[in-house]
Amino acid sequence: MSSTTNAGNAKSRVKLNTETGGLRRLPVVKPHKEIIATARRQAYRESDPDKTIKNAKLRARKQATIKLDALTKALSKPLREAVDGYRRELRRLHPFEKVVADLTARARQKKDGLTLTDVLDDIHESRKEMLITGKDWVAKAKSAESARDAMQIMEEGEAALCETFSALAGDAVDGLLELQKSLRTTPAVRLDTPAVVLVGSPNVGKSSIVRTISSATPEVNNYPFTTRGMTLGHVEVFWKDEVGGVAEVNFDAENNSERRSTSASYAYSQLCQVMDSPGLLVRADNDRNEMEALTLAAMQHLPTAVMYVMDLSGLAGDACSSVEDQLQLRKEMRARFPRRPWIDVVSKCDLGVVDDAREKLIEILDGDDYIELSIHEGIGVEELRKKVVNMLAEVRIVLDAMASAN
């Protein structure tokens, strides 16, 4: 297979990926003290005295007017760019990234009571006040009665404008900067890559499964609103045609390793994703924390199949991970996402199953298959890997259809 074929296939599948990464396109905001220092330097460069004006008073008036006007604009412009840029990019975010931005802002709100909308509104109002204040000082400079008065007004006006900026916009700008650092370092998602997300209650073995059926050293995607990251492994799939056929699979693919297939009959290869997610509890959405909201957002907005993981041994070690809660959660999640490719997995089967749990599960599944898995004893691992590849192929067909439509 030629490298040209690979390149052509890669180009045809990159369009969807351009829809994400919006959080990293957010405007760069500088600390308010740095904005002030930059504005003062810019105003100084633009306000040399006009030596062609022989009258000292008129020359001083013009210098003071230009400097105060330049300072006002230099202080106001970054505020306008921040507000306009944030509002524009937030409107353009992919739905998953909108949820991530909202959760990040919600965490900040818990810290100081301010929402992102509040911060942007404060900055917008501060800019309007800066323009009014600057206009007043420019008017004073224009009407100075002497050259000495003009220079004094210029000096006092510069100090007043900088103090006003700090008082009105300082906290809001620095708060936005703090939020920006979190948002711009948020992991970027890929929409052109098939993925399987592992879902279930806390402590049911999701991360261990990711490490077993995917790359040996998975990534951990950390989000600013939680200490619980999402473990992300890779499975390299060699597709043999354009309708989801699989020629070969490499479960030990490393993200940066050289990838090749021993099979000659494949169209292209692709690193697909296998990710765990923060545990879900049985409760209303309004009562869910940020970690649970992240899991639901991944299921709702990313191109994923779902692996629902249960530990029916009764030894999950979390009061919210009882067998009854896990089975109830499974019913609720499957009803919520009925069209997703789906597999149910009973993990840690070597530890046994509590009385009647298997019967209750079979009743809930209503004829659907499930896999009993023991990573410790190697039970069900190969069967699960085959099912994961089949689900990735299903997701790929949907992604190809979406790419063709676009």
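Cut-offs used in this document
- Residues numbered from 1 in each chain as written.
- Predicted model: local features only at pLDDT ≥ 70, side-chain atom pairs only at ≥ 80, totals over all residues.
- Heavy atoms only, no water.
- Helix = DSSP H or I, 4+ residues; strand = E, 2+ residues; numbered from the N terminus.
- Buried < 20%, exposed > 50% of the residue type's maximum accessible area, 1.4 Å probe, protein only.
- Contact = heavy atoms within 4.5 Å.
- Areas by Shrake-Rupley, 256 points an atom, 1.4 Å probe, with all protein chains shown as cover.
- Axes fitted to C-alpha atoms, helices over the stretch in contact; angles between N-to-C directions.
- Parallel < 35°, antiparallel > 145°, perpendicular 65-115°, else oblique.
- Nonpolar A, V, L, I, M, F, W, Y, C, P; charged D, E, K, R; others polar.
- Phe/Tyr/Trp six-rings, centres within 6.5 Å; stacked < 30°, edge-to-face > 60°.
- Lys NZ or Arg CZ within 6 Å of the ring centre and 35° of its normal.
- Salt bridge = Lys/Arg side-chain N within 4 Å of Asp/Glu carboxyl O.
- Core = buried A, V, L, I, M, F, W, Y, C linked by side-chain atoms within 4.5 Å.
- pLDDT = per-residue confidence, 0-100.
- Pairing = 2+ DSSP bridges.

S.K.: What should I look at first to understand the overall build of the protein chain in this one?
M.R.: A count of helices and strands for the protein chain gives 11 helices and 8 strands. Relative to its 406 residues, the protein chain shows a buried fraction of 49%. In the protein chain, once contacts between residues fewer than 6 apart in sequence are set aside, the share between residues at least 24 apart is 78%. Only carbon and sulfur atoms are counted for the fraction: they give 48% of the accessible area of the protein chain, which is about 19900 Å².

S.K.: Quick question: what am I supposed to make of the packing of helix α5 (residues 116-142) against helix α6 (residues 147-184) here?
M.R.: Two quantities define a packed helix pair, namely the angle between the axes and the distance from one axis to the other. Taken N-terminus to C-terminus, the directions of α5 and α6 make an angle of 175°; their axes are 9 Å apart at the nearest point. Regarding the angle of α5 to α6, the classification is roughly antiparallel. Across the contact of α5 with α6, the residue classes break down as 17 nonpolar, 5 polar and 4 charged.

S.K.: Looking at this structure, how should I read the packing of aromatic side chains?
M.R.: Between two aromatic rings, the relevant description is the distance of the centres plus the angle of the planes. Following the criterion strictly, the structure yields 1 aromatic pair and no others. Above the plane of the ring of W137 lies K140, whose end atom (NZ or CZ) is 4.1 Å from the centre.

S.K.: Even after reading the chapter, I still don't get the environment of K206, so can you show me in this structure?
M.R.: One can find K206 in helix α7 (residues 206-213). Its relative accessible area of 5% is what places K206 among the buried residues. If near-sequence neighbours (up to four positions away) are discounted, K206 is found in contact with L198, V199, G200, S201, D276, S277, G279 and V309.

S.K.: How should I be thinking about the pattern of salt bridges in this particular structure?
M.R.: Here the idea is simple: oppositely charged side chains can pair when their charged atoms come close. Summed over all chains, the structure comprises 18 salt bridges. Measuring nitrogen to oxygen at the nearest pair gives 3.2 Å for the salt bridge that ties K67 to E158. Taken together, the residues span a long stretch of sequence, with K67 in helix α3 (residues 56-92) and E158 in helix α6 at a distance of 91 residues. Accessibility assignment for this pair places K67 and E158 in one class, buried. One connected set of salt bridges, linked through shared partners, spans R283, D285, R288, E292 and R336.

S.K.: Before we go on, may I ask you to explain unusual backbone geometry in this structure?
M.R.: As a rule of thumb, non-glycine residues mostly have phi less than zero, and peptide bonds are mostly trans rather than cis. A positive phi angle, close to 55°, is found at K348, a residue other than glycine. Examined against the element boundaries, K348 turns out to sit in the loop between β7 (342-346) and α10 (357-365). Judged by its relative accessible area of 27%, K348 is partly exposed. One non-glycine residue with positive phi stands out, namely D356, at about 70°.

S.K.: Sorry, what's going on with the packing of helix α9 (residues 323-336) against α10 here?
M.R.: Where α9 meets α10, the axes come as close as 10 Å, and the angle between the chain directions of the two elements is 10°. With respect to their mutual orientation, α9 and α10 come out roughly parallel. Residues V323, E324, L327, R330 and K331 of α9 touch α10, and the partners they reach there are A357, K360, L361, I364 and L365. In terms of residue class, the contact of α9 with α10 is built from 6 nonpolar, no polar and 4 charged.

S.K.: Looking at this model, I keep getting lost on the nonpolar core. Mind explaining?
M.R.: Soluble globular proteins: nonpolar side chains tend toward being buried together. If you look at the biggest cluster of nonpolar residues, it comprises 76 residues, and the most contacted ones within it are L75, L176 and M299. It is α6 that contributes the most residues to this core, 13 residues altogether. Every residue in contact with M299, bar those within four places of it in the chain, is listed here: V197, V199, T304, V306, M333, F337, R340 and W342. I209, I213, I343 and V345 belong to the second largest nonpolar core, which has 27 residues in total.

S.K.: In this structure, what is going on with the confidence of the model for the protein chain? I would like to understand it.
M.R.: Detail in the predicted coordinates should be disregarded across regions flagged by low pLDDT. Per-chain confidence: the protein chain averages 84 in pLDDT, with 83% of residues scoring 70 or above. Helix α1 (residues 3-12) is the least confidently modelled element of the protein chain, averaging 40 in pLDDT, while helix α2 (residues 32-45) averages 97, the highest of any element. Taken together, the stretch residues 1-18 has pLDDT below 50 and engages in 25 contacts with residues farther than four places along the chain or on a different chain.

S.K.: Before we go on, may I ask you to explain the side chain of Q270 in this structure?
M.R.: For Q270, the position within the fold is in strand β5 (residues 268-275). Excluding anything up to four places from it in sequence, Q270 contacts D192, T193, P194, V235, E236, V237, W239 and R396.

S.K.: Could you clarify how one ought to interpret the pairing of strand β1 (residues 195-199) in this entry?
M.R.: The two faces of the sheet receive side chains in turn, since in a regular strand these alternate between them. Counted residue by residue, β1 has 5 buried out of 5 residues, so it is predominantly covered. Here β1 shows two buried faces, one formed by A195, V197 and V199 and the other by V196 and L198. Both β1 and β5 contribute to a ladder of 3 bridges, which runs parallel. Across the sheet, V196 pairs through a bridge with V274, a residue of β5. Note: β1 against strand β6 (residues 304-310), 5 bridges, orientation parallel. Following the sheet pairing, V196 is matched in β6 by A305.

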